[in-house]
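Coordinate inspection notes
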Amino acid sequence: MEFQKDSERNAWQAVAQATESVRRNHIARSDLLQWLQEKGVDIARAVFPCIGLFDKDVFSGTLVSQDRRVFEYFVDLTDPQDGDFEDVTDELGPKDPAHPDSDVRDLITMALVYFDRHRERAA
C-alpha cells in the first residue's frame with residue numbers, strides 16, 4: 001500500500017516515531033515501559049500509535065501488542081496497581097484496516113497497518 005496523501009504519510013510517520021521512541025526508551029517515564037512489560041507487552045515488537053501524558057505521572061494510550069492485539073491503557077504511575085489494561089481488539093470496528101470504513105489517517109488504524117507491514121517484511 002503506497003500512501004498517496006500527505007495526511008496518510010504523516011500518520012505513518014507519527015506511528016513510526018512513537019514506536020521508535022518507546023523501543024529506544026526515549027519517553028518521559030521508563031517505569032511506564034516496565035508496567036507495560038509486566039502486562040505482557042514485548043516492547044521491541046509492539047507498535048505504539050502514541051503515548052498520552054494525561055496528567056503528572058498519568059499515562060493513557062493504545063498499543064498493538066506483539067500478537068497483533070490492540071490494548072488501551074490508563075495508568076497512574078504513583079499507584080500502578082490500579083491501572084487499566086484492556087484488550088479492545090474485538091471492538092475496533094472502523095479502526096480495523098480490514099473494515100470497509102477504515103481510514104489509515106487514524107493512528108490506531110495506521111498502527112495496525114504499520115505492524116502488518118513490518119511483520120510481512122520479517123517473514
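Relevant structure appears above.
Let us look at the structure shown here.

1. A short note on the overall build of the chain
A count of helical and extended segments in the chain gives three helices and four strands. Along the chain, helices and strands appear, N-terminal first, in the series α-α-β-β-β-β-α. Dimensions of the chain, computed from C-alpha atoms along their principal axes, come out at roughly 45 × 30 × 30 Å. Within the chain, the fraction of its 123 residues that count as buried is 40%. Side-chain charges of the chain comprise 15 positive and 25 negative groups, with the mean position of each set lying 7 Å from the other.

2. Considering a negative patch on the surface
Together, E72, D79, D82, D84, E86 and E91 line one region of the surface with negative charge. Among the secondary structure elements, D82 is positioned in the loop between β3 (70–76) and β4 (84–87). A relative accessible area of 59% means that D82 is categorised as exposed.

3. Here's the deal with the nonpolar core
Ranked by internal contacts, the top residues of the largest apolar core, which has 18 residues, are V47, V64, V70 and M110. Of all elements in the fold, only α1 (6–23) and α3 (107–122) reach the threshold of two or more residues within this core. Excluding anything up to four places from it in sequence, V47 contacts V15, T19, R23, L63, V64, A111, Y114 and F115. Counting 15 residues, the second largest nonpolar core, distinct from the first, contains L32, V41, L63 and Y73.

4. Let's talk about the environment of T109
Considering the arrangement of structural elements, one finds T109 in helix α3. Under the relative-accessibility criterion, T109 is labelled buried at 1%. Between the C-alpha atom of T109 and that of D96, which follows or precedes it by 13 residues, the distance is 5.7 Å. If sequence neighbours within four positions are ignored, T109 has contacts with P94, K95, D96, P97, S102, D103 and V104.

5. Topic: α1
The first and last C-alpha atoms of α1 sit 25 Å apart over 18 residues, in line with the 26 Å expected at 1.5 Å per residue. Within α1, the full set of buried residues consists of E8, A11, W12, V15, A16, A18, T19 and V22. Here the buried residues of α1 occupy an arc of 165° about the axis, which is enough to place them on one side. Turned more than 90 degrees from where α1 packs its buried face, D6 and N10 sit exposed. Two residues or fewer past α1, N25 is found with a positive phi of approximately 60°.

6. Observations regarding the packing of aromatic side chains
In the structure shown here, the tally under the stated rule is six aromatic pairs. Residues W35 and Y73 carry aromatic rings whose centres are separated by 6.4 Å and whose planes lie at 55° to one another, so their mutual orientation is tilted. You can see W35 sitting in helix α2 (residues 30–38) and its partner Y73 sitting in strand β3, a full 38 residues away along the chain. With relative accessibility at 3%, the residue Y73 sits in the buried group. Each ring, one from F54 and one from F74, has its centre 5.1 Å from the other, and the planes form 75°; the classification is edge-to-face. Taken as a pair, F54 in strand β1 (residues 47–55) and F74 in strand β3 lie far apart in primary sequence, 20 residues in all. You can call F54 exposed: its relative accessible area is 57%. Judged by its relative accessible area of 33%, F74 is partly exposed. One aromatic cluster is present, built from ring pairs that chain together W35, F71, Y73 and F85.

Conventions adopted
- Residues numbered from 1 in each chain as written.
- Predicted model: local features only at pLDDT ≥ 70, side-chain atom pairs only at ≥ 80, totals over all residues.
- Heavy atoms only, no water.
- Helix = DSSP H or I, 4+ residues; strand = E, 2+ residues; numbered from the N terminus.
- Buried < 20%, exposed > 50% of the residue type's maximum accessible area, 1.4 Å probe, protein only.
- Lys, Arg positive; Asp, Glu negative; His and termini not counted.
- Charge placed at Lys NZ, Arg CZ, Asp CG, Glu CD.
- Patch = residues over 30% accessible without salt bridge, like charges linked within 9 Å, V, L, I, M, F, W, Y side chains within 5 Å.
- Areas by Shrake-Rupley, 256 points an atom, 1.4 Å probe, with all protein chains shown as cover.
- Salt bridge = Lys/Arg side-chain N within 4 Å of Asp/Glu carboxyl O.
- Core = buried A, V, L, I, M, F, W, Y, C linked by side-chain atoms within 4.5 Å.
- Contact = heavy atoms within 4.5 Å.
- Expected span 1.5 Å × (residues − 1).
- Arc of directions from axis to C-beta.
- Phe/Tyr/Trp six-rings, centres within 6.5 Å; stacked < 30°, edge-to-face > 60°.

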